[in-house]
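Working through the structure, step by step
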Amino acid sequence: FSMVSKARTLLADDCSGRPWCPDCGLANPVVLKLVQEQSHTSLLVCRVGDRPAWKNAEHPLRTDPHLKLTGIPTLLKCNMETGEPIPGKRLGFELEQCKTGSEVENLVQGLIA
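These numbers were taken from a predicted model, which means no experiment stands behind them.

With that out of the way, let us pick up the overall build of the chain. A tally of regular secondary structure across the chain gives five helices and five strands. Counting from the amino terminus, helix and strand elements in the chain follow one another as β-β-α-β-α-α-β-β-α-α. Per-residue burial for the chain yields a buried fraction of 40% across its 113 residues. Of the contacts made within the chain by residues no fewer than 6 positions apart, 59% connect residues no fewer than 24 positions apart.

Next comes the structure, spelled out in structure tokens:
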């Protein structure tokens, strides 16, 4: 985990400079830009590792009882006091379906607003 500042939104992505995941490659720059524009929003970036590590069913981000990630990229809105994800405040599959940066931006703005 690399902490940018206090977590309000959680992003799972790969660990390389150039994402092996095309959905992460589309979403990550948009998410980072939006978070930087929001003074009330912080970002915790969780790197999932390379493709074989992420595909392992025992990956810690897949098995964590609070996160239970099934895909990347994933954004979770978290409680600032507890750090736990807020139920119903998650984007995962929706981000995977985006074809443009504008689609990502529209989804993410709704989550971090």
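From this point, things continue past the structure.
Per the counting criterion, the structure on display carries zero aromatic pairs. Over the aromatic face of Trp54 sits the side chain of Arg62, whose NZ or CZ is 3.9 Å from the ring centroid.

By size, the foremost hydrophobic cluster in this structure holds 15 residues, and its most contacted members are Val31, Leu75, Leu91, Leu95, Val104 and Val108. For this core, the secondary-structure elements that each account for two or more residues are α1 (22–37), β3 (43–47) and α5 (101–112). Broken down by element, this core gets its largest block of residues, five residues, from α1.

Another aspect to go through is the environment of Asp64. When you line up the elements, Asp64 lands in the loop between α3 (60–63) and β4 (74–78). You can call Asp64 partly exposed: its relative accessible area is 26%. For Asp64, the side chain forms a polar contact with the main-chain nitrogen of His66, separated by 2.8 Å. Separated by 3.0 Å, the side chain of Asp64 and the backbone nitrogen of Leu67 make a polar contact.

This next bit is on α5. Compared with an ideal rise of 1.5 Å per residue, which puts twelve residues at 16 Å, α5 spans 16 Å between its outermost C-alpha atoms and is within 8% of the ideal. Every buried residue belonging to α5 is among Val104, Val108, Leu111 and Ile112, and all of these are buried. What you see down the axis of α5 is that its buried residues fit within an arc of 80 degrees, all on one side. What points out from α5, more than 90 degrees from its buried face, is the exposed set Asn106 and Gly110.

Along a regular strand, successive side chains alternate from one face of the sheet to the other. The buried fraction of β4 amounts to five of the five residues, a majority that puts the element mostly inside the structure. Residues Thr74, Leu76 and Cys78 line one face of β4 and the alternating positions Leu75 and Lys77 line the opposite face, and both faces are buried. Across three bridges, the pairing between β4 and strand β5 (residues 85–91) is antiparallel. Looking across to β5, one finds that Cys78 is bridged to Pro85. What sits between β4 and β5 in their antiparallel hairpin is a turn of six residues, with Gly83 showing a positive phi close to 80 degrees.

The next subject is the pattern of salt bridges. Applying the stated criterion across every chain, the model contains one salt bridge. Notably, a salt bridge pairs Lys33 with Glu37, separated by 3.4 Å at the nearest N-O pair. Linking Lys33 with Glu37, this pair stays in helix α1, spanning four residues, or about one helical turn.

Conventions and cut-offs
- Residues numbered from 1 in each chain as written.
- Predicted model: local features only at pLDDT ≥ 70, side-chain atom pairs only at ≥ 80, totals over all residues.
- Heavy atoms only, no water.
- Helix = DSSP H or I, 4+ residues; strand = E, 2+ residues; numbered from the N terminus.
- Buried < 20%, exposed > 50% of the residue type's maximum accessible area, 1.4 Å probe, protein only.
- Contact = heavy atoms within 4.5 Å.
- Phe/Tyr/Trp six-rings, centres within 6.5 Å; stacked < 30°, edge-to-face > 60°.
- Lys NZ or Arg CZ within 6 Å of the ring centre and 35° of its normal.
- Core = buried A, V, L, I, M, F, W, Y, C linked by side-chain atoms within 4.5 Å.
- Polar contact = N/O pair within 3.5 Å; in protein donor to acceptor, adjacent residues only side chain to side chain.
- Expected span 1.5 Å × (residues − 1).
- Arc of directions from axis to C-beta.
- Pairing = 2+ DSSP bridges.
- Salt bridge = Lys/Arg side-chain N within 4 Å of Asp/Glu carboxyl O.

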